[in-house]
Amino acid sequence: MKEQSSMTEGYRECHICAVKNKMRARRCFYCTGNLGLRDRMYFEIKQRRRRKRAPYLSAIVPGAGHWYTGRRYVGTFFMAMAPLAVGLVIATYSPWNWGLAILSVAIFLVWLLALVDSRRGSHHFQAPCQAACPGKVPCSQYVHLAAEGKDKESLELVEAVCPFPGTIGRICHHPCETDCNRGKDGEPVAICALKRFVNDRTERAFNFYRREIEAAPVSLGHRIAVIGAGPSGLSGALFLRILGFRVAIFEAGDFGGGTPAIFVPGYRLPQEVYRSEVERILDLDLDLNFGKAIGRDFSLRDLQEQGFSGVYLALGAMRAIGLPHTGEEREGFLDGRAFLERVVRGDVVKLPGDVLVVGGGNVAMDVARSAVRCGAGKVRIICLEKRPVPREKQFHYFKNEWREIKAKATGEIMPAWPWEIDDTLEEKVEIIGGGSTVSFDIEGGRVAKVHCLEVERIDTDARGNLLPVLKEGSDFTLKADWVITAVGSTPDYSSSGGRPKMKFLSDTVPIALLRKPEGCTFPVLVGGDYATGPASIIEGITAGREAAMYLYQRIVGEPKISIRYRNRRIMHPWPNYPDSLNKRQRRRQFVSKKARETKSFDEIYGGFAEMSAREEADRCMRCDWPLMRESKVKRFLRSDDPLKDEGEDVERNSKL
């Protein structure tokens, strides 16, 4: 696969490598053909296991760990340096001199550097968008396939790591777009919306995961219990089932879905979209146990007695945090999450008069926008933090590329995503930043006025809790007929008698191992919001997938699969991409003016039209694949391209 062109096909529909002509394709030495989803997970498990063993080998023989993980050139270098340094010491041996001391230090450094560097494993370059994604979704790869019109292949790349593409394509906070190289001089590629586009365009004539399971049926003879049927629990159950485990799901509610099915309004996420993705997972021969809560109907010891080999706890952060000086619903006080649950369930909720929402997060934005749709006359949001101020992009040169200087999260800016704030302001909701409620006036048995103070600054305690410092003499009053609190949520640890002791297994993925789980001997993993508190949905999905691979490694061991597989790509970024005003501008999604103006619960953003989606996907710079970008240079340099005169220089520089 040394020769590539603009018209490329994956070898046997693998879509990871590329060849010039699919019919005349030849498999390269390191390719194992079209890897199934289970094989890809086996490969990741084996890579991580080898990465863990590599430092021990390099401690014995420098470079041995690199050879073990596949980095043979680096391993050869260290293997040559170690005996060379030892030989120089022997050749210059004397009772003591400075040269002998320096060579002795060099031997120690060779051993140390080999040990530290071997922990990287088979290090492959990742595009900035993929590196920024908590789930490591291959963004540039599926965007490129979308640009070529291969929607089904693009969707399967996403579904290999994320079983909720339609949901994530609507409500994800898309950190991939924040690190997109196209956004350094223009607008970033709409990576999130393109995920939704390929999902909506693909006909669901079959269950992708059932096809993967039935292609090569495997039964490991072990049962795993997944407690909690939210995004993290469902993701863990899915990938455990793919790996060959028998999975039983225990859910306290009457249906699966978790937070998106309970609290996300329809104007952001239509329930039929999410429910279809949930049902696709529940249809994989899982043992479903709804209405069963841990601590009430069963315990971890009961699961061990029933023969389960492991447990994944994904209970979420379902307990709302309340304000101590608020009242009851009959007085005009509502809890934000309970209010959203009623709205999503379809109950008729009328909020006549003025509504004050307390909180500055994404839930508060949803509460305020839902209150507008429930007939509120005037909706205000008051929060401790200040509203974010637009700022110009600033960059610094680091590791041969320009990187954006990002603002630090100091706790003084509203935690809601900027686009959520913009949509809220678009619906005429007033946001009062830097304010705190102090007391409420009750008239005739209902709230009438809210007394507030300005926030001078926000301090934090040792646990990271916010401690607002109020400014004396800055009191002001707000009229309110309803007060809805949306100041956050926390996991409910009542079933375990308090926060359990956990050992986190990763610095980036919210997954931990429960220590001493009620005297049980099987592994109990905790993941998602239940481990770290409220987080994004993509982080919960990633935790479920990581939990599945960890349980496989812990219970079964190392999978029997060849480690020869390797992506055949040049792993160096290539900066020479044709630039124009058209390439800097982002295509816009369809916005339903009717849903916006009538304030209904119909979905506001309708996604991309086909032509706009193809053009938007074509803006991707393919930072992970320089040869693909070189072929795009020849295609884009047309007569009306402002860079046509520089075409020869661009093409020449791309080959350097």
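The coordinates are above.
These figures come from a predicted structure and were not determined experimentally. (Residues numbered from 1 in each chain as written. Predicted model: local features only at pLDDT ≥ 70, side-chain atom pairs only at ≥ 80, totals over all residues. Heavy atoms only, no water.)

Peer 1: Explain the overall build of the protein chain here, please?
Peer 2: If you tally the helices and strands in the protein chain, you get 25 helices and 22 strands. Put simply, the protein chain has 656 residues, and 50% of those count as buried. Across the protein chain, contacts joining residues at least 24 apart in sequence account for 71% of those joining residues at least 6 apart. With the model as given, the accessible surface of the protein chain reaches about 32,400 Å², and the carbon-plus-sulfur share is 53%. (Helix = DSSP H or I, 4+ residues; strand = E, 2+ residues; numbered from the N terminus. Buried < 20%, exposed > 50% of the residue type's maximum accessible area, 1.4 Å probe, protein only. Contact = heavy atoms within 4.5 Å. Areas by Shrake-Rupley, 256 points an atom, 1.4 Å probe, with all protein chains shown as cover.)

Peer 1: Before we go on, may I ask you to explain the environment of Ser612 in this structure?
Peer 2: Mapped onto the elements, Ser612 comes out in helix H23 (residues 610-617). Ser612 gets classed as partly exposed once you look at its relative accessible area, which sits at 23%. For the pair Ser612 and Gln589, spaced 23 residues apart in sequence, the C-alpha to C-alpha distance is 8.2 Å.

Peer 1: What exactly am I supposed to notice about helix H18 (residues 418-426) here?
Peer 2: Structurally, the α-helix is built with 3.6 residues per turn, so residues lying three or four positions apart point the same way. Turning to H18, its buried residues number three or more, namely Glu420, Ile421, Asp423 and Thr424. What you see down the axis of H18 is that its buried residues fit within an arc of 165 degrees, all on one side. If you follow the buried residues of H18, they end up packed against helix H17 (362-373), strand E8 (378-383), strand E11 (430-433), helix H22 (593-598) and strand E22 (605-607). (Arc of directions from axis to C-beta.)

Peer 1: Looking at this model, I keep getting lost on the sheet that holds strand E6 (residues 333-335). Mind explaining?
Peer 2: What links the strands of a sheet is backbone hydrogen bonding, and the strands pair in either a parallel or an antiparallel sense. One open sheet holds the five strands; their spatial order is E6-E16-E7-E8-E11, and the pairing between them is parallel. The sheet is open, and its two borders are formed by E6 and E11, each paired with just one other strand. Sheet twist, expressed as the average angle between the axes of neighbouring strands with direction ignored, equals 20 degrees. For E6 and strand E16 (residues 482-485), the ladder comprises three bridges, and the chain directions are parallel. Following the sheet pairing, Leu334 is matched in E16 by Ile484. The strands touched by helix H16 (residues 336-345) within the sheet are E6 and E16, with E6 carrying the most contacts at an inclination of about 75 degrees. Contacting strand E7 (354-358), E8 and E16, H17 crosses the sheet at an angle of about 170 degrees to E8. (Pairing = 2+ DSSP bridges. Axes fitted to C-alpha atoms, helices over the stretch in contact; angles between N-to-C directions.)

Peer 1: Looking at this structure, how should I read the side chain of Ser235?
Peer 2: Inspection of the secondary structure assignment puts Ser235 in helix H12 (residues 231-243). Residues in contact with Ser235, not counting those within four places in the same chain, are Pro163, Ile541, Gly544 and Arg545.

Peer 1: Teacher, can you tell me more about the pairing of E7 here?
Peer 2: It is a general feature of regular strands that their side chains alternate between the two faces of the sheet. With five of five residues buried, E7 is to be regarded as a mostly interior element. Here E7 shows no split at all, with Asp354, Leu356 and Val358 on one side and Val355 and Val357 on the other all buried. For E7 and E8, the ladder comprises five bridges, and the chain directions are parallel. Along E8, the bridge assignment pairs Asp354 with Lys378. For the crossover that starts at E7, traverses H17 and ends in the parallel E8, the hand is right-handed. With four bridges joining them, E7 and E16 adopt parallel strand pairing. Considered in E16, the bridge of Val357 is made with Ile484. (Right-handed = clockwise from strand over helix to strand, strands pointing away.)

Peer 1: Whenever I open this one, H17 confuses me. Can you help?
Peer 2: With 12 residues, H17 should reach 16 Å at 1.5 Å per residue; the first-to-last C-alpha distance of 17 Å fits that figure. Burial within H17 is extensive, with 10 of its 12 residues counted as buried. Taken together, the buried positions of H17 are occupied by Ala364, Met365, Asp366, Val367, Ala368, Arg369, Ser370, Ala371, Val372 and Arg373. Buried residues along H17 sit against H16, E7, E8, H18, E16 and H22. Backbone geometry just downstream of H17 places Gly375 in the positive-phi region, at approximately 90 degrees. (Expected span 1.5 Å × (residues − 1).)

Peer 1: Sorry, what's going on with the pattern of salt bridges here?
Peer 2: Two side chains carrying opposite charge are able to pair once their charged atoms lie near each other. This model, assessed by the stated rule, comprises 44 salt bridges. A salt bridge links Glu558 to Arg49, with the nearest nitrogen and oxygen atoms 3.7 Å apart. A residue pair is termed long-range when its members are at least 10 positions apart, and Glu558 in the loop between helix H20 (537-555) and helix H21 (581-584) and Arg49 in helix H1 (residues 37-60) qualify at 509 residues. Judged by relative accessible area, which is 25%, Glu558 ranks as partly exposed. Between Arg280 and Glu159 there is a salt bridge, and its shortest N-O distance comes to 2.6 Å. Pair noted here: Arg280 is in helix H14 (residues 271-282) and Glu159 is in helix H7 (residues 151-159), with a separation of 121 residues, a long-range link. One exposure class covers both Arg280 and Glu159, and it is buried. Three or more residues are tied together by salt bridges with common partners; here these are Arg268, Asp366, Arg369, Arg373, Glu420, Asp423, Glu427 and Arg596. (Salt bridge = Lys/Arg side-chain N within 4 Å of Asp/Glu carboxyl O.)

Peer 1: Which parts of the structure should I look at to understand the packing of H12 against H20?
Peer 2: What describes two packed helices is the angle between their axes and the distance between those same axes. Packing of H12 against H20 leaves a shortest axis separation of 7 Å and a crossing angle of 35 degrees. The two elements H12 and H20 meet at a crossing, and its hand is right-handed. Between H12 and H20, the residues in contact are Pro231, Ser232, Ser235, Gly236, Phe239, Leu240 and Leu243 and Ile537, Gly540, Ile541, Ala543, Gly544, Arg545, Ala548, Met549, Leu551 and Tyr552, respectively. Considered class by class, the residues forming the contact of H12 with H20 number 11 nonpolar, five polar and one charged. (Left-handed = near helix turned anticlockwise from the far one by under 90°. Nonpolar A, V, L, I, M, F, W, Y, C, P; charged D, E, K, R; others polar.)

Peer 1: What is the right way to read the packing of aromatic side chains from this model?
Peer 2: Working definition: an aromatic ring pair is given by the centre-to-centre distance plus the angle between the planes. Tallied over the entire structure, the rule returns 11 aromatic pairs. Taken together, a centroid distance of 5.2 Å and an interplanar angle of 65 degrees make the contact between Phe208 and Tyr209 edge-to-face. When sorted by exposure, Phe208 lands in the same class as Tyr209, which is buried. With a centroid separation of 6.2 Å and an interplanar angle of 70 degrees, the aromatic rings of Phe250 and Phe308 are classed as edge-to-face. You can see Phe250 sitting in strand E2 (residues 246-251) and its partner Phe308 sitting in the loop between helix H15 (300-305) and strand E4 (310-313), a full 58 residues away along the chain. For Phe308, a relative accessible area of 5% gives the class buried. When the ring centre of Phe263 is taken as origin, the NZ or CZ atom of Arg337, which lies over that ring, is 4.2 Å away. (Phe/Tyr/Trp six-rings, centres within 6.5 Å; stacked < 30°, edge-to-face > 60°. Lys NZ or Arg CZ within 6 Å of the ring centre and 35° of its normal.)

Peer 1: Is there a simple way to think about a positive patch on the surface in this case?
Peer 2: Judged by side-chain charge, Lys52, Lys501, Lys503, Arg515 and Lys516 come together as a positively charged surface patch. Mapped onto the elements, Lys501 comes out in the loop between strand E17 (489-490) and strand E18 (502-504). (Patch = residues over 30% accessible without salt bridge, like charges linked within 9 Å, V, L, I, M, F, W, Y side chains within 5 Å. Lys, Arg positive; Asp, Glu negative; His and termini not counted. Charge placed at Lys NZ, Arg CZ, Asp CG, Glu CD.)

Peer 1: Sorry if this is basic, but what is going on with a nonpolar patch on the surface here?
Peer 2: Side chains of Val105, Phe108, Leu109, Leu112, Leu113 and Val116 sit close together on the surface and give an oily, nonpolar patch of about 550 Å² of accessible area. Tracing the sequence through the fold places Leu113 in helix H4 (residues 98-118).

Peer 1: What is the right way to look at the environment of Ala127 in this model?
Peer 2: Looking at the element boundaries, Ala127 is found in the loop between H4 and helix H5 (128-132). Taking C-alpha positions, Ala127 is 5.3 Å from Cys623, a pair spaced 496 residues apart along the chain. Not counting chain neighbours up to four residues away, the residues in contact with Ala127 comprise Ser140, Cys623 and Asp624.

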